[in-house]
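# Topology and contacts: notes
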Amino acid sequence: MPMKKAGKKCICVLAGAALAMALTGCGSAGERTQGAIQLIQNLDYSGALEQLDLAEENGENARLVNRARGIACMGLTDYGQAAAFFEAALAGSSGLVQDVDFDLNLYLAAAYTKSGRYTEAEEIYDAVIALRPGEEDAYFLRGNVRLVLGDYENAMGDFDRVISMDEQNYDRLIEIYEVLDYYGHREDGQAYLREALESGDKEMDKYASGRIYYYLGEYQNAYLDLEEAREKGGPESCLYLGRAYEATGDYNYAVNVYTGYLEKNEGNAEIYNQLGLCEMTRGEYRKALEAFQAGMQLENTTMMQTLAFNEIVAYERLGEYTQAYLLMGNYLNNYPDDQQARREYEFLSTR
């Protein structure tokens, strides 16, 4: 049973991750709608939908109610229903294009993407870009969709445009690399990374260069730069540093990196997950289980699905199949679209 690693990029992940728009940033929401937005931020999507039904009964802004419903449904992985709510919100437009219309279109395109309606998603990005040619996220996400549709040349054109719009946005550069790598174009993605290193940008810090070296497979250069970046104490620096050591087979030092961070800082779900994965590789399944469970105790983590799945893996590796089976049943109630987990559930039922 494979474990789930944090940070693995695919179009479904990226389409949501790039839409980091403020939930409260569109218009005047009523009291119950605002309460629902808070529940969404706390990952209580079902509770949010209940609040939004009451908001509708109270006559609150219908567009914002449907927008929030769509976001909640995205959280529940019900992408078809999410798209329907976003479409309903757009249908309530006055005819004058407002910020909320762009916001809704990007969310609708994300819902289309996640439900496999790639051509329709591309059409939305085309429309957004036509009205807002400086919308960087739209170019990036359209590039994602075009790769899925096999339109490699135009996808690369979108990525070139994104990079030209902000050549020092190394987070986005790495996202482009990860997308290209996922779809079998690693060398093209690495070409972008090498070009950034060779640009001689004096503003590039050790965290940026360390990550770039990591994705180029130059792990010694990566951990030398990331060791310097770690002095700033950020969890991302710690994660990449540990992963660089893992890539060279030095799992013991990687564990020290992760535990050292956790001893000095507040808990971080992604670091707990990476620590657990590292312990699994070392065969320390009980320690791995403890790491995954510690991450699950943190509030408002977006890593809950990954941690819950890996907790089950740890129990299975420990030979505790009954517990793994029970937890997998609960997991599928929360994440019914995970086909890998469903197949594993059938396997566990025979143990």
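Structure: above.
So, here is what we can say about the structure in this document. These numbers come from a predicted model, not from an experiment. Note that residues are indexed from 1 along each chain, following the sequence as it is written. Totals for whole chains, interfaces and linings use every residue, but because this is a predicted model, local features are given only for residues with pLDDT of at least 70 and side-chain atom pairs only at 80 or more, for both listing and counting. Each side-chain value is worked out from all heavy atoms of the structure, with water and hydrogens disregarded.

### Let's talk about the overall build of the protein
- Strands are runs of DSSP state E lasting at least two residues, helices are runs of H or I lasting at least four, and both sets are numbered from the N terminus onward. The secondary structure content of the protein amounts to 20 helices and zero strands.
- Every radius of gyration here is taken over C-alpha atoms, with the globule rule written as 2.2 Å times N^0.38, N being the number of residues. Expected size for 351 residues packed as a compact globule is a radius of gyration near 20 Å; at 22 Å, the protein falls within 12% of this value.
- Note on classification: 1.4 Å probe, protein chains only; a residue is buried when its accessible area is under 20% of the maximum for its type, exposed when over 50%, partly exposed between these limits. Taking all 351 residues of the protein together, the buried fraction comes to 48%.
- In short, Shrake-Rupley with a 1.4 Å probe defines the accessible areas, and a residue's cover is counted only from the protein chains shown. Only carbon and sulfur atoms are counted for the fraction: they give 44% of the accessible area of the protein, which is about 16900 Å².

### Comments concerning the side chain of Asp158
- Counting through the fold element by element, Asp158 comes out in helix α9 (residues 152-165).
- Judged by relative accessible area, which is 3%, Asp158 ranks as buried.
- Contacts are assigned to residue pairs with any non-hydrogen atoms lying within 4.5 Å of each other. Ignoring anything within four residues of it in the chain, the contact list for Asp158 reads Tyr139, Arg142, Gly143 and Arg146.

### What to know about the nonpolar core
- Ranked by size, the top nonpolar core spans 84 residues in total, and within it Phe86 and Phe159 carry the most contacts.
- Looking at which element gives the most residues to this core, the answer is helix α6 (residues 99-114), with 10 residues.
- Leu277, Ala288, Ala308 and Phe309 belong to the second largest nonpolar core, which has 22 residues in total. Residue types Ala, Val, Leu, Ile, Met, Phe, Trp, Tyr and Cys, when buried and joined through side-chain atoms within 4.5 Å, form a set referred to as a nonpolar core.

### Thoughts on the side chain of Asp103
- For Asp103, the position within the fold is in helix α6.
- Within the structure, the side chain of Asp103 is placed 2.6 Å from the side chain of Arg67, a separation counted as a polar contact. We call two N or O atoms a polar contact when they sit within 3.5 Å, provided that within protein one can donate a hydrogen and the other can accept it, with sequence-adjacent residues counted only if both atoms are side-chain atoms.

### Section: the layout of surface pockets
- Approximately 310 Å³ is the volume found for the second largest pocket.
- A cavity here means a set of points on a 1 Å grid, drawn over the protein atoms and nothing else, where a 1.4 Å probe fits but cannot get out; a pocket is an open set with protein on both sides within 12 Å along at least five of seven lines, and a residue lines either one if it has an atom within 4 Å of a point. As for the second largest pocket, its lining consists of 17 residues, of which Ile163, Glu167, Glu195, Ala196 and Ser199 are closest to the centre.
- Elements that contribute at least two residues to the lining of the second largest pocket include exactly α9, α10 (170-182) and α11 (186-198).
- Per-element tally for the lining of the second largest pocket: the top contributor is α10, with four residues.
- Residues were grouped as follows: Ala, Val, Leu, Ile, Met, Phe, Trp, Tyr, Cys and Pro as nonpolar; Asp, Glu, Lys and Arg as charged; and all remaining residues, including Gly, as polar. Grouping the constituent residues of the lining of the second largest pocket by class yields eight nonpolar, three polar and six charged. Grid points are joined across faces, edges and corners, and a volume is the space filled by probe spheres set on the points.

### Digging into the environment of Met204
- Mapped onto the elements of the fold, Met204 is located in the loop between α11 and α12 (206-215).
- A residue is classified by how much of its surface remains accessible, and Met204, at 17% relative accessible area, is buried.
- Expressed as a C-alpha distance, the spacing of Met204 and Asp99, which sit 105 residues apart in the sequence, is 33 Å.
- Once you skip the residues sitting within four places of it in the chain, Met204 turns out to touch Tyr170, Ala196, Leu197, Ser209 and Ile212.

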